[in-house]
Number of protein chains: 2
Amino acid sequence: MSEQNIEAAPADGSRLSRRRAITLAGVGVAGVAGVAAGATALVRGADHAAANDVAAGAVPFHGEHQAGITTPAQDRLHFVAFDVITKDRARLVALLQEWTAAAARMTAGRDAGLIGAVNGMPEAPPDDTGEALGLPPAQLTLTIGFGPMLFRDAQGRDRFGIADRRPPALADLPHFAGDALRPEISAGDICVQACANDPQVAVHAIRNLARIGMGVVSVRWSQLGFGRTSSTSRGQATPRNLFGFKDGTANLKAEDTGLLRDHLWAHPGDGPDWMTGGSYLVSRKIRMLIETWDRTPLAEQEQIVGRSKGAGAPLGKGDEFDEPDFAAKGEGGEPVIAETSHVRLAHPSQNNGARLLRRGYNFVDGSDGLGRLDAGLFFIAYQRDPRKQFVPIQTGLSRNDAMNEYLRHVSSALFACPPGVRDAADFWGRALFA
Amino acid sequence: MSEQNIEAAPADGSRLSRRRAITLAGVGVAGVAGVAAGATALVRGADHAAANDVAAGAVPFHGEHQAGITTPAQDRLHFVAFDVITKDRARLVALLQEWTAAAARMTAGRDAGLIGAVNGMPEAPPDDTGEALGLPPAQLTLTIGFGPMLFRDAQGRDRFGIADRRPPALADLPHFAGDALRPEISAGDICVQACANDPQVAVHAIRNLARIGMGVVSVRWSQLGFGRTSSTSRGQATPRNLFGFKDGTANLKAEDTGLLRDHLWAHPGDGPDWMTGGSYLVSRKIRMLIETWDRTPLAEQEQIVGRSKGAGAPLGKGDEFDEPDFAAKGEGGEPVIAETSHVRLAHPSQNNGARLLRRGYNFVDGSDGLGRLDAGLFFIAYQRDPRKQFVPIQTGLSRNDAMNEYLRHVSSALFACPPGVRDAADFWGRALFA
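Only a predicted model underlies this, so the values are computations on that prediction, with no experimental measurement involved.

Rules of the game
- Residues numbered from 1 in each chain as written.
- Chains lettered and ligands numbered in written order.
- Predicted model: local features only at pLDDT ≥ 70, side-chain atom pairs only at ≥ 80, totals over all residues.
- Heavy atoms only, no water.
- Helix = DSSP H or I, 4+ residues; strand = E, 2+ residues; numbered from the N terminus.
- Buried < 20%, exposed > 50% of the residue type's maximum accessible area, 1.4 Å probe, protein only.
- Contact = heavy atoms within 4.5 Å.
- Areas by Shrake-Rupley, 256 points an atom, 1.4 Å probe, with all protein chains shown as cover.
- Core = buried A, V, L, I, M, F, W, Y, C linked by side-chain atoms within 4.5 Å.
- Salt bridge = Lys/Arg side-chain N within 4 Å of Asp/Glu carboxyl O.
- Least-squares fit on C-alpha atoms with pLDDT ≥ 70 in both.
- Pairing = 2+ DSSP bridges.
- Buried area = accessible area lost by both parts, 1.4 Å probe.
- Polar contact = N/O pair within 3.5 Å; in protein donor to acceptor, adjacent residues only side chain to side chain.
- Nonpolar A, V, L, I, M, F, W, Y, C, P; charged D, E, K, R; others polar.
- Axes fitted to C-alpha atoms, helices over the stretch in contact; angles between N-to-C directions.
- Parallel < 35°, antiparallel > 145°, perpendicular 65-115°, else oblique.
- Left-handed = near helix turned anticlockwise from the far one by under 90°.
- Phe/Tyr/Trp six-rings, centres within 6.5 Å; stacked < 30°, edge-to-face > 60°.
- Lys NZ or Arg CZ within 6 Å of the ring centre and 35° of its normal.

Colleague: Mind laying out the overall build of chain A, listing which residues take part and the relevant values?
Modeller: Within chain A, the regular secondary structure consists of 10 helices and 14 strands. Buried residues in chain A amount to 61% of all 434 residues. Put simply, of all contacts in chain A between residues at least 6 apart along the chain, 76% involve residues at least 24 apart. Carbon and sulfur atoms form 50% of the exposed surface of chain A, whose accessible area is close to 15600 Å².

Colleague: Got a sec to walk through the nonpolar core? Specific residues and values, please.
Modeller: A:Trp99, A:Trp428, B:Trp99 and B:Trp428 are the most contacted members of the largest nonpolar core, which has 161 residues in total. Setting aside its immediate chain neighbours within four residues, A:Trp428 contacts A:Phe61, A:Gln66, A:Leu96, A:Trp99, A:Thr100, A:Ala103, A:Leu142, A:Ile144, A:Phe146, A:Leu209 and A:Val421.

Colleague: Explain the pattern of salt bridges to me, using residue names and the numbers behind them.
Modeller: Residue and element names in this part refer to chain A. Across all of its chains, the model carries 44 salt bridges over all chains by this definition. Taking the shortest distance from any N to any O, the salt bridge between Asp153 and Arg157 comes out at 2.9 Å. Relative accessible area serves as the criterion here: at 47%, Arg157 is assigned to the partly exposed category. Its salt-bridge partner being Glu320, residue Lys246 comes within 3.3 Å of it at the nearest N-O pair. Here Lys246 is found in the loop between β9 (227-228) and α5 (257-263), whereas its partner Glu320 is found in the loop between α7 (298-305) and α8 (342-346), with 74 residues between them in sequence. Classification of Glu320 by relative accessible area gives buried; the value is 9%. Among the ionic contacts, a cluster of salt bridges with common partners joins Asp153, Arg157, Arg159 and Asp189.

Colleague: Could you give me a rundown of the relation of the copies chain B and chain A, with the residues and numbers involved?
Modeller: After a rotation of 180° and a shift along the axis of 0.0 Å, chain B superposes on chain A with an RMSD of 0.0 Å. On this basis, the relationship between the two copies can be described by a two-fold rotation axis. No C-alpha of chain B lies nearer the rotation axis than that of B:Asp365, which sits 3.3 Å from it. Mapped onto chain A, 99% of the interface residues of chain B again fall at the interface, so both copies present the same surface.

Colleague: Go over the pairing of strand β12 (residues 361-367) of chain A with me, naming the residues and quoting the values.
Modeller: Residues and elements named next belong to chain A. When you tally the buried positions in β12, you get 5 out of 7 residues, the bulk of the element. Judged from the 2 bridges that link them, β9 and β12 form a sheet pairing that is antiparallel. Across the sheet, the residue bridging to Arg228 is Tyr361, located in β12. The pairing of β12 with strand β13 (residues 373-383) spans 5 bridges and is antiparallel. Note that in β13 the partner of Val364 across the bridge is Ala375. Connecting β12 to the next strand, β13, in antiparallel fashion are 5 residues, including Gly369 with a positive phi near 80°.

Colleague: I'd like to hear about the interface of chain B and chain A, residue by residue, with values.
Modeller: With 73 residues of chain B at the contact, the number on the chain A side is 73 residues. A combined buried area of about 5800 Å² lies between chain B and chain A, and 62% of that area is made up of carbon and sulfur atoms. Looking only at chain B, the three residues that lose the most surface to chain A are B:Arg207, B:Asp294 and B:Leu298, adding up to 10% of its buried area. Among the ionic pairs, B:Arg207 bridges to A:Asp294, the shortest N-O distance being 2.8 Å. Inspection of the chain B/chain A interface yields 17 residue pairs in polar contact (both at pLDDT 80 or more). Among the residues forming the side of chain B that touches chain A, the class breakdown is 32 nonpolar, 24 polar and 17 charged.

Colleague: Tell me about unusual backbone geometry, residues and numbers included.
Modeller: Negative phi is the rule for most residues except glycine; trans is the rule for most peptide bonds. For A:Asn352, which is not a glycine, the phi torsion comes out positive at approximately 50°. Relative to the elements of secondary structure, A:Asn352 occurs in the loop between α8 and β11 (357-358). The class of A:Asn352 is exposed, set by a relative accessible area of 84%. A positive phi is found at B:Ala187, a non-glycine position, where the angle reads about 55°. Structurally, B:Ala187 can be placed in the loop between α3 (148-151) and β7 (190-196).

Colleague: Got a sec to walk through the packing of helix α2 (residues 89-107) of chain B against helix α4 (residues 199-212) of chain B? Specific residues and values, please.
Modeller: Residue and element names in this part refer to chain B. Running from N to C, α2 and α4 cross one another at 155°; their axes reach a closest spacing of 10 Å. For the element pair α2 / α4, the angle class is roughly antiparallel. Helix-helix and strand crossings are classified by hand; for α2 and α4 the assignment is right-handed. Where α2 abuts α4, its residues Leu95, Glu98, Trp99, Ala102 and Met106 lie against His204, Ala205, Asn208, Leu209 and Ile212. For the contact of α2 with α4, the per-class residue count stands at 7 nonpolar, 2 polar and 1 charged.

Colleague: Break down the packing of aromatic side chains for me, with residues and values.
Modeller: The full count for this structure, using the stated rule, is 28 aromatic pairs over all chains. Aromatic pair A:Phe243 and A:Trp293: ring centres 4.1 Å apart, planes at 25°, arrangement stacked. With a gap of 50 residues between them, A:Phe243 in the loop between β9 and α5 and A:Trp293 in helix α6 (residues 290-293) connect regions that are remote in the sequence. An identical accessibility class is assigned to A:Phe243 and A:Trp293; each is buried. Residues B:Phe61 and B:Trp428 carry aromatic rings whose centres are separated by 6.2 Å and whose planes lie at 55° to one another, so their mutual orientation is tilted. Of this pair, B:Phe61 sits in the loop between α1 (46-49) and β5 (76-84) while B:Trp428 is found in the loop between β14 (407-417) and α10 (430-433), placing the two residues 367 residues apart along the sequence. Relative accessible area serves as the criterion here: at 8%, B:Phe61 is assigned to the buried category. Linked through ring pairs, A:Phe61, A:Phe82, A:Trp99 and A:Trp428 together constitute an aromatic cluster. Note that A:Lys285 overlies the ring of A:Phe363, its terminal NZ or CZ placed 4.8 Å from the centroid.

Colleague: So what's going on with the side chain of B:Thr129? Which residues, and what values?
Modeller: Locating B:Thr129 in the fold gives a position in the loop between α2 and β6 (141-146). By relative accessible area, which is 2% here, B:Thr129 ends up buried. Only 2.6 Å separates the side chain of B:Thr129 from the side chain of B:Glu131, close enough to count as a polar contact. For B:Thr129, the side chain forms a polar contact with the side chain of B:Asn208, separated by 2.8 Å. In contact with B:Thr129, not counting residues within four places along its chain, are A:Phe243, A:Gly244, A:Asp294, A:Lys309, B:His204, B:Arg207, B:Asn208 and B:Arg211.

Colleague: Give a description of the pairing of strand β13 (residues 373-383) of chain B that names residues and reports values.
Modeller: Remember that side chains alternate between the two faces of the sheet whenever the strand is regular. Residues and elements named next belong to chain B. Burial within β13 is extensive, with 11 of its 11 residues counted as buried. Note that strand β10 (residues 279-288) and β13 share 8 bridges and pair antiparallel. Paired with Arg284 across the bridge in β13 is Phe379. Across 2 bridges, the pairing between strand β11 (residues 357-358) and β13 is antiparallel. Across the sheet, Leu357 pairs through a bridge with Tyr382, a residue of β13.

Structure below.
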């Protein structure tokens, strides 16, 4: 047997202080329950967790707001929506506590729990699944949200005694023109957004939350995103979506303190107190008909988007971050930026100033059985009130956006994401269930 | 309009010599066909292509063997299987030539073709889809293979006059015990394996090959892999699969020159000349029942695998690269490494010395509608002759491997991957169709 690190687990499972690593040599092959095996307790290596690469580092878990919203968008996503399958409020609350402890550990680059048997119990399943052993924190963030049906289910039942705490802003989204939603990959009682710079770290986190939640929650749907399509910080270059265009140039950014206050975070008096400092998440899985798009002339693509493909500049301008001039006319008198262009219809100036913080991801889910790639954008947007932001913006886009010819919205979900977990005594949903 | 780089395209489209970049300032907004747009020719930035990070660099496309086999396994995969939908041999050969030129460009960090209209033709669709603009080569490799049905289809037809060139080693795989194959995501006439350290670069490459192939081929199935599960070079650490174990420790490595000669590459006389220097690819999509696995005790997991979870050492040994001792007995007289363990059954010593070069990837394809993640291993193995390597190994595993309880093989495919493209005059399949 090689030398193995065995960790002294903090009692509350959530403390992020430096771990005490004990090197234990010569753990023998133990015969237990007829099975000969070297069962050992394993932890993710402190060496890796201390990697000095920023992209590999840890994002603080505790704070006023949840991480994973204004955190500079990481490269990879694993998003999951759970159904709550218990009727027992206490079990659900216990799970939220257990999840919070595991999330604090994993975002710090540690395991969800002990992998091996510190107390000589190799007959127990590991408390971590192991595939992230040796990997750094990779800026993992885990962001939780509560869906409308958690408050009152499809049969109108107040399953957990929180129906009166449903925020008015958590109003069911309307049907939008062209929606082709698949119920089995839409909605959900609880979501967790895992973002990281290593997909294995994001997958590991979601997989372990699902493992911990066994019997209390069930995976309703999940989505991998391989490449971010938005920058949420001025330090990040704007990435490209699968139409080949820079996306989210005019996105709310972490540095826009005033705009974030007005457009991102729920205020006291906006709704129930438990949401103060939280934000509302809208997800939309948007299939892109890329084969059709790829047959479209460049000039037409640029006109549909309203930006140039290369620099990403608004048409008629030279730089990506130039303000679009919606009044400008071309030689023939027609608008330089078409009335039906995406950039015009989505722009705050056309939506009473409404803005979103977007942090979507490109996806490819194999092929569609019709000879085409099943690819597109998993759109995620955070906001203070979807009724005043996503809903009016999407209403306009769904009716008039020239891009709709190349899009199919196949999944939709809405979640109330509470404020941050303040300290080790706090947990996801504490104020909601208080 | 910003300054735009316009490239003087090499006539043959495949030359990798340094491009001649022309900076053109002040391209105006042009009214074309009633559409006002700044249509411009764009190319991926030479600055990015010259990034000094090894993981971002370019892998040579031309050579004796195809890249993407012994190339140190990149982090991400996009694998596609195409059906050939034309009956016209000349169109298929022309596509293979066009693909080869595009592959040479893309693996060098360039676009598949010109994005904009150098000759003032913005009404043409771009010859590159654009989502990799600004991204480095990311060690992209593109590896092609030809499936059995390309030689003679399901109706027994010799569609392209190459039935007599089918290698004997490209024999249909037998049914293995427990196979639960889905035909719609199995087999295929042509495969392309795209591996890169940036998933957007791999997706971009496959998407552009599909775009170029429109009308000649159709995407049958495609698979994204988010994390490599094998090391193919002694310089790489062994990664972990979704069972949390190090995988492929005993894999053939690029440095094993003698073993590669004996086990990886087709020799003169092995079959038709066009395959000399090539290799045979077997892919298997293996769903892992991770929820069940996660409830299994650590000791039992280690006994099933035959290795420790932490170090990845063979049971009874201390280091990952120690040779397993299959004769060793425990205190009770039972083998330290069980007769049904994966490491024993897959080991060359138990398979007449047969070895594989594996370069598989972890996948998560959302959830399965039953509350579980749809996750597992996309297994890829290269070899000199599947009849003597994959088939006998998998026959033994499928009958006796204790791991089978946690696995479902849902897709299977076999392809003959020709030798490398030698130079700009050569192309994928030239010798096959000569």
